[in-house]
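# Tertiary structure, described
As a plain string of letters, each chain reads:
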Amino acid sequence: MENNRNYFIAIALSVLIVLGWQFLYMNPRIEAQRKAQEAQKAQQQTEQVQQPAAGGQTPAQTSGAAPSGQAAATATLEQALAKSPRVVIDTPALSGSINLAGARLDDLKLKGYHETVDDSSPIITLFSPAETKDGYFTELGYIGSDATGSVPGPSTLWTAPEGAKLTEKTPVTLSYTNDKGLTFTRTISVDERYMFTVADKIENTGQAPAALSSYGRVTRYNKPTTPSVYVLHEGFIGVIGDDGLIETKYSAVEKEAVAPAKSTGGWLGITDKYWAATIVPPQSAAYEAHFSYFADGQPRYQADYKDDAFTVAPGQSIELKNLVFAGAKEVPVIDGYESSYSIPKFDRLIDWGWFYFITKPMFKLMDFFFRYFGNFGVAILCTTIVVKALFFPLASKQYASMANMKRMQPKMEELKAKFADDRMGLQQATMQLYKEEKINPIAGCWPVALQIPIFFSLYKVIYITIEMRHAPFFGWIKDLSAPDPTTIVNLFGLLPFEGPTLLHLGVWPLIMGVTMFVQMRMNPTPPDPTQAMIFNWMPLVFMFMLASFPAGLVIYWAWNNTLSVAQQGLIMKRHGVKVELFDNLKGLFRRKEAPSK
């Protein structure tokens, strides 16, 4: 028993990981699908409770927050796009249009990403107009008063030059002048990826000072369709002043709005697993931020800010600049924006998790190998080798401790016989034996504990980084972020039918199970029947549990098991400990002797 204690600790921790996955991923996935169906039904039954101004929004007052009122969405995409004039967006990474009603970014597609691994499938749609059931948009505007006249808001119709087209090389300039002599000139530019720069100039040609505030908001109607899991944050996000990074789930905001303290600097928005939309307000102005859920009219989620009022004197002008990120959360792109635009902690838009200091370097290492070999699957294998090499000294100590414990086994049996009825005496004698032989009984445990953050970090990288999405390996693995598509039920595709999901078991989970079985046979079979049964059934249980895991993680686990077998065999030989693998394998097929009568 003592020989296998450390191994059982590792097994117990692994079981906790897998059970956690089952509880925190699979169960919420089923629940999320159920709630999505209920929400869709409720949305269809929602009646329009107010008639909004043109453009789908009601104007806000000077003392109020960003606009909130929204009618129930019923239009198709084609109908919504035809309702108002638009400026085409066409860059290497984006396509879509700017709605001149409100100067909204409400029609945006990501050229480099498809809905499935098939390149002929539709490209990802990020933004949709407010009139559609999948409304998702970003809007920047102003809040004024009767003294300022009408200021740019949800219903404002901006003017654009004829034939204007927004590209990475050609900005677009919009203009609007109200009846009080205020002229708003908005220049929108975009880089070759996903960052929009919105520069406003406000000129007061009237006779009276104009006091107004600016606002910005990201509004969406529907939650993402990906299942809610503990290791991934989807919902509201921002770095707001002294509050630092704020991550708030949709469910939390549905219960109570979040209003951080008034701050200067930072950013806010809404994030999905792979995509995000955020606003970076003017960094020198104080602003109030809100994460809200509205149930009036069209149910929706909104991240918005409103800055302090400022005054434009007659004959004077003022300039403001906002940044809007709308696109894929590519690691080098996000990191580049953080440095080039001096956006505080913008890299946290990617959910690196608690072990940020491990997870991000893990990705960097994996990305290095990817750039060298051109395959993320190979990068996972190489990264695993590096991790194994780094932990080799710890593993050596672990197996050395196991060797010493095995060497002391005869003496331990003598002590157990000597102190059969004296538990306290046995403990004292055992500790004295450890002291005389210079053995640390817990030396084999802490290397296992230290590797748990590494496992979670690698899992995090595979699960949340967009670089892993639709990344192929070899053969039938076309997407490392999705489960192995093969199944043993139809002989891995040889039979013309799909097996039940419950029995889905692909090639790589089978390989993982075999490697786990071999690794467990590296140690002596426990004499206790219950422990022996765990040894026999554990690989099979893990095979079925991991069948729903991303293929990249299963490949990692199988490869890690293989390296562990080689590493353990090498270290045990160095310490003069017998490798039990072949004897254990022979014992499985050896005919058991019948008990004597």
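### Regarding the overall build of the chain
Check the secondary structure of the chain and you find 14 helices and 19 strands. Per-residue burial for the chain yields a buried fraction of 51% across its 597 residues. Nonlocal contacts in the chain, meaning residues at least 24 apart in sequence, comprise 65% of its contacts between residues at least 6 apart.

### Overview of the packing of helix 5 (residues 356–373) against helix 6 (residues 376–390)
Packing of helix 5 against helix 6 brings their axes to within 8 Å, and their N-to-C directions diverge by 130 degrees. Taken together, the axes of helix 5 and helix 6 are oblique relative to one another. The two elements helix 5 and helix 6 meet at a crossing, and its hand is right-handed. Contacts between helix 5 and helix 6 involve Met 362, Leu 365, Met 366, Asp 367, Phe 369, Phe 370 and Phe 373 from the former and Phe 376, Val 378, Ala 379, Ile 380, Cys 382, Thr 383, Val 386 and Val 387 from the latter.

### Some points on the packing of helix 11 (residues 507–520) against helix 13 (residues 551–574)
Where helix 11 meets helix 13, the closest approach of the two axes is 8 Å, and the angle between their N-to-C directions is 25 degrees. When the axis of helix 11 is compared with that of helix 13, the two are roughly parallel. The way helix 11 lies across helix 13 gives a crossing that is left-handed. Here Trp 508, Pro 509, Ile 511, Met 512, Thr 515, Met 516, Val 518 and Gln 519 of helix 11 lie close against helix 13, whose contacting residues are Val 554, Ile 555, Trp 557, Ala 558, Asn 561, Thr 562, Ser 564 and Val 565. A breakdown of the residues in the contact of helix 11 with helix 13 according to their chemical character gives eleven nonpolar, five polar and no charged.

### A closer look at the confidence of the model for the chain
The predicted model of the chain has a mean per-residue pLDDT of 81, with 75% of residues at 70 or higher. Low confidence marks residues 36–64, where pLDDT is under 50. Its contacts with residues over four positions away, or in another chain, come to 47 contacts.

### Regarding the side chain of Asn 204
In this fold, Asn 204 is placed in strand 9 (residues 195–204). Judged by relative accessible area, Asn 204 falls into the buried class, the value being 2%. A polar contact is formed between the side chain of Asn 204 and the backbone nitrogen of Gly 206, at a distance of 2.9 Å. A polar contact is formed between the side chain of Asn 204 and the backbone oxygen of Ala 208, at a distance of 2.9 Å. For Asn 204, the residues in contact, after removing those within four places along its chain, are Lys 180, Gly 181, Leu 182, Pro 209, Ala 210, Val 312, Ala 313, Pro 314, Gly 315 and Gln 316.

### Some thoughts on helix 11
Taking 1.5 Å of rise per residue, the 14 residues of helix 11 would be expected to cover 20 Å, and the 20 Å separating its terminal C-alpha atoms lies within 8% of that figure. Among the residues of helix 11, those classed as buried are Val 507, Trp 508, Pro 509, Met 512, Gly 513, Thr 515, Met 516, Gln 519 and Met 520.

### Here we look at a nonpolar patch on the surface
A cluster of nonpolar side chains, Met 533, Trp 537, Leu 540, Val 541 and Phe 544, forms an exposed patch at the surface whose accessible area comes to about 470 Å². By the element assignment, Met 533 lies in helix 12 (residues 529–546). Relative accessible area serves as the criterion here: at 47%, Met 533 is assigned to the partly exposed category.

### Notes on unusual backbone geometry
With phi around 50 degrees, Ala 103 is a residue other than glycine that occupies positive phi space. With respect to the secondary-structure elements, Ala 103 resides in the loop between strand 2 (94–99) and strand 3 (104–114). Residue class for Ala 103 comes out buried when judged on its relative accessible area of 7%. Even without a glycine there, the phi angle at Lys 345 is positive, about 50 degrees. Take Lys 345: it is sitting in the loop between helix 4 (331–340) and helix 5.

### Section: the environment of Val 565
Inspection of the secondary structure assignment puts Val 565 in helix 13. Judged by relative accessible area, Val 565 falls into the buried class, the value being 18%. Val 565 sits 50 residues away from Thr 515 along the chain, and the two C-alpha atoms are 8.3 Å apart. If near-sequence neighbours (up to four positions away) are discounted, Val 565 is found in contact with Thr 515, Val 518, Gln 519 and Met 522.

Scoring rules and cut-offs
Residues numbered from 1 in each chain as written. Predicted model: local features only at pLDDT ≥ 70, side-chain atom pairs only at ≥ 80, totals over all residues. Heavy atoms only, no water. Helix = DSSP H or I, 4+ residues; strand = E, 2+ residues; numbered from the N terminus. Buried < 20%, exposed > 50% of the residue type's maximum accessible area, 1.4 Å probe, protein only. Contact = heavy atoms within 4.5 Å. Axes fitted to C-alpha atoms, helices over the stretch in contact; angles between N-to-C directions. Parallel < 35°, antiparallel > 145°, perpendicular 65-115°, else oblique. Left-handed = near helix turned anticlockwise from the far one by under 90°. Nonpolar A, V, L, I, M, F, W, Y, C, P; charged D, E, K, R; others polar. pLDDT = per-residue confidence, 0-100. Polar contact = N/O pair within 3.5 Å; in protein donor to acceptor, adjacent residues only side chain to side chain. Expected span 1.5 Å × (residues − 1). Patch = residues over 30% accessible without salt bridge, like charges linked within 9 Å, V, L, I, M, F, W, Y side chains within 5 Å. Areas by Shrake-Rupley, 256 points an atom, 1.4 Å probe, with all protein chains shown as cover. Salt bridge = Lys/Arg side-chain N within 4 Å of Asp/Glu carboxyl O.

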